[in-house]
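Examination of the molecular architecture
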Amino acid sequence: MSEKVTRRSFLKKSAIGIGGIAAATAGVEIATPIIVKEKMEFDRNESMWAQASCSRSMPLDTDIDVDVAVIGGGYTGLSAAYHMAKNSKGKTIAVLEACSVGEGGSGRNGGMILPQPANEYMGVYSNEKTHKLTYDLTVENLGEIESIIRESGIDCEYERRGILLVIVKENQVKQYRDYSLKARDMGIPVQFLDAGQTAQKIGSTVYAGSLFDPNGGEVQPMKLVCALREAALKAGVIIYENTPVTAIEEGEVIKLAAGKNTVRAKSVVLATNGYTSKLGYFKNTVMTVHTQIAATPRLGDDIFRKLGWESRVPFSDTYNILYHLGNTRDNRILIGAGTVEYFFNNGILYKGDLKRVSNILETELHRIYPALKGIGFEYIWDGVMGFTLDFNQSVGVRGKFGNIYYGLAYCGHGVNLSVMFGRIIADLWVGNSEKWSATPFLNRRLIPLPPEPLKWVGVNANIKFYQLMDRIGAPQLT
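What comes next concerns the included structure. (Residues numbered from 1 in each chain as written. Predicted model: local features only at pLDDT ≥ 70, side-chain atom pairs only at ≥ 80, totals over all residues. Heavy atoms only, no water.)

Attention now moves to the pattern of salt bridges. Once their charged atoms are close, side chains differing in charge can pair, the charge on each being opposite to the other. Applying the stated rule across the entire model yields 22 salt bridges. Where Lys-283 meets Glu-38, a salt bridge forms, and the shortest distance between an N and an O atom there is 3.9 Å. Of the two residues, Lys-283 sits in the loop between β11 (261-270) and β12 (287-295) while Glu-38 sits in the loop between α3 (26-35) and β1 (64-71), which places them 245 residues apart along the sequence. For Glu-38, a relative accessible area of 16% puts it in the buried group. Salt-bridge contacts for Glu-159 lead to Arg-329; the nearest nitrogen and oxygen are separated by 3.7 Å. (Salt bridge = Lys/Arg side-chain N within 4 Å of Asp/Glu carboxyl O. Helix = DSSP H or I, 4+ residues; strand = E, 2+ residues; numbered from the N terminus. Buried < 20%, exposed > 50% of the residue type's maximum accessible area, 1.4 Å probe, protein only.)

Set out below in structure tokens:
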């Protein structure tokens, strides 16, 4: 970790992260929700993965009473519903999905399954005890994902070859070599690879080194959605699609406006991540950010031998606004991120330029693998994620009656974390929080953001700052 600038120290100095901003903007805080209301809007999944969409469920067409209403049919919601139903026979659990399951980030991500939450990834952000705990829990959850896939009978193209964090700058090498030594002392099997060893692993000579973790891998995102859906249905969960929840009235019995109908529930699960602010929750702590992924055409069975990437280990880099690369069973190469965009008022609909983003991703792909120059992309798509200022996430329970459960803000590590947070929600619901009580994400208070339009200014200023740090070659903020 750099001693001069860390994400934590930067946020302490940044106006957007200072609690005192509330006093200076009290008038805006009051006026914004009245003058500038967030729009209830949904975007369509136009990713390559959408072709593998699951079987459809019917929309809700009557008023219902349930024990639990789960809002959102992605990884978090389906995992929570499945684990609740599995562990509590006789309870009525319904998933209410605005479009179709996997329509959001769960059906659009890059497919990498990573150990650790984002802010503990390849660096001790908290303390060694917490770092080891979160590593062990997230690796354990990989076994849960494998079990769900196996029981569903769906081939999710799950490959557990390990993962790499590739180091983009020489001045970052010591930071990550030191971490690998510390990790080994903690019993975490992370291995430091020098530039030559990294090139042998992935066939590219552009990196100064890397860290290899044998835990982690890749999955076909939409097929994993389908596996979770199948598991939930088998456990007795009812799934309603094309049933948007537009309003929540809290109480001992919670009333939901779901399409044209009313759902009364003893408990509610907010499983909407980057879309959560549209329901009036976490709007000033979680940012809805956009990022994109592109996929090449099928490249032939010998492409990875030609590139020297015969390991096919997926990797991400140490830029603050990072790139990540993976591959598919049918021999496509994926590259994602490299850009992050925030639109006013947690805007869901993409207002950027996919052609510009495609050019950025293509340039980086060709820099890493010059032999791919001229290949181009067959698919490029956008998706939203829930992010916080310090890359922390939170799972827990809230509300006057303690019956609103939530899990969100995965900051790019959602494939593994969201399934695990579904498990945590299920345990909290039955009063079994002991296993999770020492984790840093249980009922975590998130850093507040100012109201709009200051949030738009501040978030984009932060993005610009991270981009500047990457351009000048500063060490990654941790």
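If you walk through the whole model with that rule in mind, you get 12 aromatic pairs. Relative to Tyr-350, the ring of Phe-343 lies with its centre 5.7 Å away and its plane at 70 degrees, an arrangement referred to as edge-to-face. Classification of Phe-343 by relative accessible area gives buried; the value is 12%. Between Phe-421 and Phe-441, the aromatic rings sit 5.2 Å apart at their centres with planes inclined by 50 degrees, giving tilted as the arrangement. Of this pair, Phe-421 sits in helix α11 (residues 414-429) while Phe-441 sits in the loop between α11 and α12 (454-472), and the two are 20 residues apart along the sequence. (Phe/Tyr/Trp six-rings, centres within 6.5 Å; stacked < 30°, edge-to-face > 60°.)

To continue, consider the state of the cysteines. A covalent bond between the sulfur atoms of two cysteines is referred to as a disulfide. Under the defined criterion, the tally for this structure stands at 1 disulfide. The disulfide bridge from Cys-54 ends at Cys-226, spanning 2.1 Å between sulfur atoms. Linking Cys-54 and Cys-226, the disulfide has an S-S dihedral of approximately -100 degrees and is accordingly described as left-handed. Note that Cys-54 is positioned in the loop between α3 and β1 and Cys-226 in helix α8 (residues 221-234), a separation of 172 residues in sequence. With relative accessibility at 9%, the residue Cys-226 sits in the buried group. Lacking any disulfide linkage, Cys-99 is separated from the closest cysteine sulfur, that of Cys-54, by 14 Å. In this structure Cys-156 is a free cysteine whose sulfur lies 7.6 Å from that of Cys-226, the closest cysteine sulfur available. (Disulfide = S-S within 2.5 Å.)

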